[in-house]
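# Topology and contacts: notes
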Amino acid sequence: MAEGILKQILDYSNRANPYPLYEELRKTPVFHDGTGPYVISTYHDIQSLLHDPRLSSDAHNLTATAGDPLADDEGGGGGEEAALPPSFLKLDPPEHDRLRRMTNRPFGPPHSPHRIDGMRGDLHGIVSGLIDNLGDPGRIDLVDQFAYPFPVTMICRLLGVPREDEPRFHSWADTIAAGLDPDPDADPAERLRVTHDARMELGMYLAGLIEERRKNPQDDMLSELAAGHGQDDTMSTMELLSTSALLLIAGHETTVNLITNGMLTLLRHPDVLADLRENPELAVPLVEELLRYEPPVQLLPQRTPLVDIEVRGVTIPKGSSMWLVLASGNRDPDRFENPDRFDPYRKDIQHLGLGSGIHSCFGAPLARLEAQLALSELARRLENPRLIEDPPPYRQNAVLRGPRHLEITCDGIRP
Amino acid sequence: MPDGSLDRLKREGRIVVVGASLAGLRAAETLRDKGFEGTLTMIGDEPYEPYDRPPLSKQVLLGKATAEHTALPRRREIDAEWRLGVPASGLDMAARRVKLADGDEVPYDRLMIATGVRARPWPNEAEAELDGVFVLRTRDDGAGLARRLDAGPKRVLVIGAGFTGSEIASACRERGLEVTVAERGDAPLVGALGGVIGAVAAEMHRENGVDLRTGVMVTRLEGGATGRVRAAHFSDGTTLECDVVVVSLGAQRNTEWLAGSGLGAGPRGIACDAGCRAFDVRGIVTDDVFVAGDVARSPHPLFGYQFLSLEHWGNAVAQAETAAHNMLSESSDRRPHIWVPAFWSSQFGVNIKSVGVPSMGTEIMITQGSRAERRFTGVYGYQGRVIGAVTFDNCRWLQFYEQQIEATAPFPPPFPTVDRRADGQRPIPADFPDPSVPTHGPTITLSGYSPADRRMTFTPAGH
Ligand SMILES: Cc1cc2nc3c(=O)[nH]c(=O)nc-3n(C[C@H](O)[C@H](O)[C@H](O)COP(=O)(O)OP(=O)(O)OC[C@H]3O[C@@H](n4cnc5c(N)ncnc54)[C@H](O)[C@@H]3O)c2cc1C
């Protein structure tokens, strides 16, 4: 097994196509280079570990992070006082279940079964408006002009965060997301400080909004979360802040990649693009296949066993850091036929792109709908779109992977 | 069959499926998927195309779906000849013909039996005939009961607090109807999940305003002058006024039509091997008669080769797929049906799921969550190994416990888990009732041992 493969995966020069590295990685399904994390890369192992109650998502249970380039300590054992308590993403039950349940109340079934579907009109309006304003069809940056502003506008509307404030929270969100990225040249202490500051500032900003909503409730999620429902079922102010920060950041940093990766993939598969233009309902299986083929979250770096566990005969000691490489599991030939083929007509697409188990993506219903609408509208309205640069420049981040820009050209924009 | 007869079967053979419901339909689809091009005949005694039963005690009773709109989604075209509304009345194994009640006979090269079960009726026939007395198994049952609930009865009595009875009670409460549940055992669900979990279920009933009466039997139903049910009498001497009664006492297997056929079919179902091939009365496996779904009874290596009868939706699908596969395969390509039993229910707003065979368990340990919050995982142990698990609103962990069952992992689980609470540190007796005291019918029946075991006897109907 190639030493240093983790380094290669994190190395920016491999960002555009990490898949051959994952293939290499799968040859050692439980990979450990002696100091770093235990890396799990095959579909069935990941799938079963995501349902394994002996694995914790709580950083307090991590003991050995030495050598793990992705270990961060949001709310973890780090010496510094965390700016906000950890979000439910980084908690175990029962706290996780309680917070996630309360957050779900204004978002999805059973209490709010129509919230997402009721946003269809809004979503459509935003998509149309953005496409109307793309400007010169000869040169479009699909990230800056479409894939980024769309989900951001949407998450702002859903939460009730003023869209005009975007420039402010954009930089905090970027900084926090970058905290997930192992930049080998950065000074870890400095990075931690910067991330904490950003979380603190974002928290203070959200606290102001929530205060305002307590006085003046609106029809948005912040208002409903702030209102709570009875004694046991109310979030503390700090919980409320970290939950809304989580939603805002996750709503920012993932769907943008799903849409951009999607358009990039379609431009590389013009036959599928043409098919989508004719059959917008293809968007549904297409987005599922995208989540398999180019998942926006490539790996989950935040798991640790509560006890020594055995995976494929390898003992993973209690407290070790584990990475579950979702994007690799999604290309596992033991699970998917022709895994490296992009095939939206596949019947069997039970992918790991949105995770699985109790931490499976909370925003999935919204993300799916956003990507379906965005891609089918782009396919319908852009006339003969082509890539200007392939591969496009990627964002630094290896975990939240996606193009930084996607420059395309087309012959015109249909009404 | 290297002589090419398998190819001939695939090209121009005749396959007959008796029982045109879930298992029958999925078997038919699988046959076509595997390239079967011959004639396919679907025989069903109900006049409807295959429909789904689980919604009948859930969405349909809540008025969220109508019984007419529960048709099963089709996976593919099956291009079959449908003989609906006519029961099969007999089987001539030697001549390979299925007899129909209308006098017709249908020849086959391979037969698939998926006749399922029917609701156990109220034992007193005259009382069962009273207007307002229902069972719930078919689409017609569901439509009739939903209509009667729409009319706003003053009080509904549910007899039997198994899964179906509990779901019916839950639907009534959600509609704001007064409901009494009478259960012979000590708690709801006790036959399937034991007393420890039954106690949680009992709390759920009571907190949701069900008048739950346990440890009692209904002895008599009483009709009024117009032939409508008006009261029920209980073994404790009390009387209850009620205008709707739902009899929910479990199920009986639809095997009577096979009496005298020579097939190993009886009140416990049709015995088959793990490859879904039916046994004849001599205990010899047949080569052309296959069984799947609620009516089947097959040995399971994970559970001591006990013969399991499962009334589980997922089992019907998986077993039908396996049966269909084996029907068209050389013996070396046949697959065993060793599905780990899995079941779900939803009642009083709680999602209940189980895997394995909880009713074999002697002990239970609450490994995650808490019973008081009604959000927990209970793991069942049998002779030092994990044999089953149940979750209340906690199903995302279930896959792990399923793997523990498959791996015959030790019980009690020796490791810590997330969400372990103080009361989950130690196993306690699972508290299943003495099997000689009947509750409502269980959803899993265990009977006999492997074919090698002398104690196994086949009891054809009518003997
Ligand atoms: C109200 C209700 C709720 C349920 N809820 C759940 C649930 O939540 N979860 C779960 O896992 N399972 C549930 N089940 C069980 C599930 O529906 C069954 O396991 C499944 O239907 C079994 O399918 P089957 O095809 O084997 O049998 P069936 O669905 O019983 O079909 C057998 C068919 O054969 C027909 N038939 C019988 N005799 C003959 C004959 N001689 N000739 C021709 N046709 C004949 C029958 O009329 C019937 O149409 C529920 C069942 C009911 C009734």
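None of the values given here were measured: they were computed from a predicted structure. (Residues numbered from 1 in each chain as written. Chains lettered and ligands numbered in written order. Predicted model: local features only at pLDDT ≥ 70, side-chain atom pairs only at ≥ 80, totals over all residues. Heavy atoms only, no water.)

### Things to note about the overall build of chain B
Each helix and strand in chain B was counted, giving nine helices and 30 strands. Overall, chain B is about 65 × 65 × 40 Å in size when its C-alpha atoms are taken along their principal axes. Every one of the 463 residues in chain B was classed for burial, and the buried ones make up 58%. The long-range share in chain B, meaning contacts at least 24 apart out of those at least 6 apart in sequence, stands at 67%. Counting only carbon and sulfur atoms, one obtains 48% of the accessible surface of chain B, whose full area is about 18,600 Å². Of the charged side chains in chain B, 52 are positive and 58 negative; the average position of the first set lies 2 Å away from that of the second. (Helix = DSSP H or I, 4+ residues; strand = E, 2+ residues; numbered from the N terminus. Buried < 20%, exposed > 50% of the residue type's maximum accessible area, 1.4 Å probe, protein only. Contact = heavy atoms within 4.5 Å. Areas by Shrake-Rupley, 256 points an atom, 1.4 Å probe, with all protein chains shown as cover. Lys, Arg positive; Asp, Glu negative; His and termini not counted. Charge placed at Lys NZ, Arg CZ, Asp CG, Glu CD.)

### Quick notes on the overall build of chain A
For chain A, the count of helices and strands is 16 helices and 12 strands. Against the compact-globule benchmark of 22 Å for 415 residues, chain A has a radius of gyration of 21 Å, which places it among compact chains. Taken over 415 residues, chain A has a buried fraction of 58%. In chain A, the proportion of contacts linking residues at least 24 apart, taken out of those at least 6 apart, comes to 74%. In the form shown here, chain A has an accessible surface area of approximately 16,800 Å², with 51% of it arising from carbon and sulfur atoms. Distance between charge centres in chain A, computed from 41 positive and 65 negative side chains, equals 3 Å. (Rg over C-alpha atoms; globule rule 2.2 N^0.38 Å.)

### Regarding the site of the ligand
Residue and element names in this part refer to chain B. The full set close to the ligand counts 31 residues, and Asp45, Glu46, Arg53, Lys58 and Arg137 are the nearest of them. One nitrogen or oxygen atom from the main chain of Ala23 is found 2.8 Å from an oxygen atom belonging to the ligand. Contact between the ligand and Asp294: an oxygen atom at 2.8 Å from a side-chain N or O atom of the residue. Here the ligand, which alone exposes 1,000 Å², has 95% of that area covered by the protein. Residue assignment for the shell around the ligand shows that the elements contributing at least two residues are helix H2 (22–33), strand E2 (39–44), helix H8 (313–327) and strand E24 (342–347). Its residues assigned to classes, the shell around the ligand comprises 15 nonpolar, nine polar and seven charged. (Near = heavy atom within 4 Å. Polar contact = N/O pair within 3.5 Å; in protein donor to acceptor, adjacent residues only side chain to side chain. Nonpolar A, V, L, I, M, F, W, Y, C, P; charged D, E, K, R; others polar.)

### Some words on the interface of chain A and chain B
The interface of chain A with chain B comprises 20 residues on the first partner and 15 residues on the second. Counting each side, the surface lost to burial between chain A and chain B is near 1,500 Å², with a carbon and sulfur contribution of 60%. Taking the shortest distance from any N to any O, the salt bridge between Asp97(A) and Arg375(B) comes out at 3.1 Å. Counting every contact that joins chain A to chain B gives seven residue pairs in polar contact (both at pLDDT 80 or more). Listing elements by their share of the side of chain A that touches chain B, those giving two or more residues are helix H3 (43–49), strand E3 (55–56) and helix H4 (95–104) of chain A. Sort the elements by how many residues they give to the side of chain A that touches chain B and H4(A) lands first, with three residues. Of the residues belonging to the side of chain A that touches chain B, the class tally is eight nonpolar, six polar and six charged. (Buried area = accessible area lost by both parts, 1.4 Å probe. Salt bridge = Lys/Arg side-chain N within 4 Å of Asp/Glu carboxyl O.)

### Re the packing of helix H7 (residues 149–159) of chain A against helix H16 (residues 364–381) of chain A
All names here are of chain A. Close contact between H7 and H16 brings their axes to 11 Å; oriented N to C, the two are set at 140 degrees. Regarding the angle of H7 to H16, the classification is oblique. Crossing handedness for the pair H7 and H16: right-handed. Contact residues: Phe150, Pro151, Met154 and Leu158 in H7; Leu366, Glu370 and Ala374 in H16. When grouped by side-chain class, the residues that make up the contact of H7 with H16 number six nonpolar, no polar and one charged. (Axes fitted to C-alpha atoms, helices over the stretch in contact; angles between N-to-C directions. Parallel < 35°, antiparallel > 145°, perpendicular 65-115°, else oblique. Left-handed = near helix turned anticlockwise from the far one by under 90°.)

### Digging into the sheet that holds strand E28 (residues 385–392) of chain B
Residues and elements named next belong to chain B. The antiparallel open sheet is built from six strands, whose spatial order is E24-E25-E28-E27-E26-E29. Of all strands in the sheet, those bounded by a partner on one side alone are E24 and strand E29 (428–429). Across the face of the sheet, helix H7 (residues 190–207) comes into contact with E24, strand E25 (350–356), strand E26 (363–370), strand E27 (375–382), E28 and E29 while running at roughly 5 degrees to E28. (Pairing = 2+ DSSP bridges.)

### Looking at unusual backbone geometry
For the bond from Pro109(A) to Pro110(A), the omega torsion is 5 degrees, close enough to zero to count as cis. With respect to the element layout, Pro110(A) can be found in the loop between H4 and helix H5 (120–132). Omega for the peptide link from Asp390(A) to Pro391(A) comes to 0 degrees, which places this bond in the cis form. Its location among the elements puts Pro391(A) in the loop between strand E10 (386–387) and strand E11 (407–409). For Thr408(B), which is not glycine, the phi dihedral falls at a positive 40 degrees. Position of Thr408(B) relative to the elements: it lies in the loop between helix H9 (398–406) and E29.

### Here's the deal with the pairing of E24(B)
Residue and element names in this part refer to chain B. Residue alternation in E24 divides its side chains into a buried set, Phe343, Ser345 and Gln347, and an unburied set, Ala342, Trp344 and Ser346. Relative to E25, E24 is paired through six bridges, and the arrangement is antiparallel. When the bridges of E25 are listed, Ser346 appears paired with Asn351. Hairpin connection of E24 to E25: two residues between the antiparallel strands, including Phe348 at a positive phi of 50 degrees.

### Describing H4(A)
Count 3.6 residues to each turn of an α-helix, and residues three or four apart come out pointing the same way. Looking at H4(A), one finds that the buried residues are His96(A), Asp97(A), Leu99(A), Arg100(A), Met102(A) and Thr103(A). As for H4(A), its buried residues are in contact with helix H10 (221–227) and helix H11 (237–253) of chain A together with E27 of chain B.

### Considerations on the sheet that holds strand E1 (residues 14–18) of chain B
Residues and elements named next belong to chain B. Taking strand neighbours across the sheet as the criterion, the six strands line up as E3-E2-E1-E7-E21-E20 in an open arrangement whose pairing is mixed. A strand with exactly one partner marks an edge of an open sheet, and here the two such strands are strand E3 (81–84) and strand E20 (277–279). For this sheet, the mean inter-axis angle between neighbouring strands, taken without regard to orientation, is 30 degrees.

### Considerations on the packing of helix H8 (residues 166–178) of chain A against helix H9 (residues 188–215) of chain A
Residues and elements named next belong to chain A. The contact between H8 and H9 brings their axes to 9 Å, and the two run at 140 degrees. As judged from the angle between their axes, H8 and H9 are oblique. Along this stretch, H8 crosses H9, giving a crossing that reads as left-handed. In this structure, H8 uses Arg168, Phe169, Trp172, Thr175, Ile176 and Ala178 to contact H9, whose residues at the interface are Arg191, Val194, Thr195, Ala198, Arg199, Glu201, Leu202 and Tyr205. Taken together, the residues of the contact of H8 with H9 break down into eight nonpolar, two polar and four charged.

### Here we look at the environment of Met102(A)
Residue and element names in this part refer to chain A. Here Met102 shows up in helix H4. A residue is classified by how much of its surface remains accessible, and Met102, at 6% relative accessible area, is buried. Counting along the chain gives 245 residues from Met102 to Lys347, while the straight-line C-alpha distance between them is 35 Å. Once you skip the residues sitting within four places of it in the chain, Met102 turns out to touch Leu225, Asp233, Thr234 and Met235.

### Comments concerning the packing of aromatic side chains
Think of a pair of aromatic rings as described by two things: how far the centres are apart, and how the planes are tilted against each other in angle. Tallied over the full model, the rule gives 16 aromatic pairs over all chains. An angle of 55 degrees between the planes, with centres 5.2 Å apart, marks the rings of Tyr293(A) and Phe342(A) as tilted. You can see Tyr293(A) sitting in helix H14 (residues 283–293) and its partner Phe342(A) sitting in the loop between helix H15 (326–329) and H16, a full 49 residues away along the chain. Taken individually, Tyr293(A) and Phe342(A) each receive the classification buried, so the pair is uniform in this respect. Here Phe279(B) and Phe307(B) contribute two aromatic rings whose centre-to-centre distance is 6.4 Å and whose plane-to-plane angle is 50 degrees, an arrangement assigned as tilted. Of this pair, Phe279(B) sits in strand E20 while Phe307(B) sits in strand E23 (residues 306–310), and the two are 28 residues apart along the sequence. (Phe/Tyr/Trp six-rings, centres within 6.5 Å; stacked < 30°, edge-to-face > 60°.)

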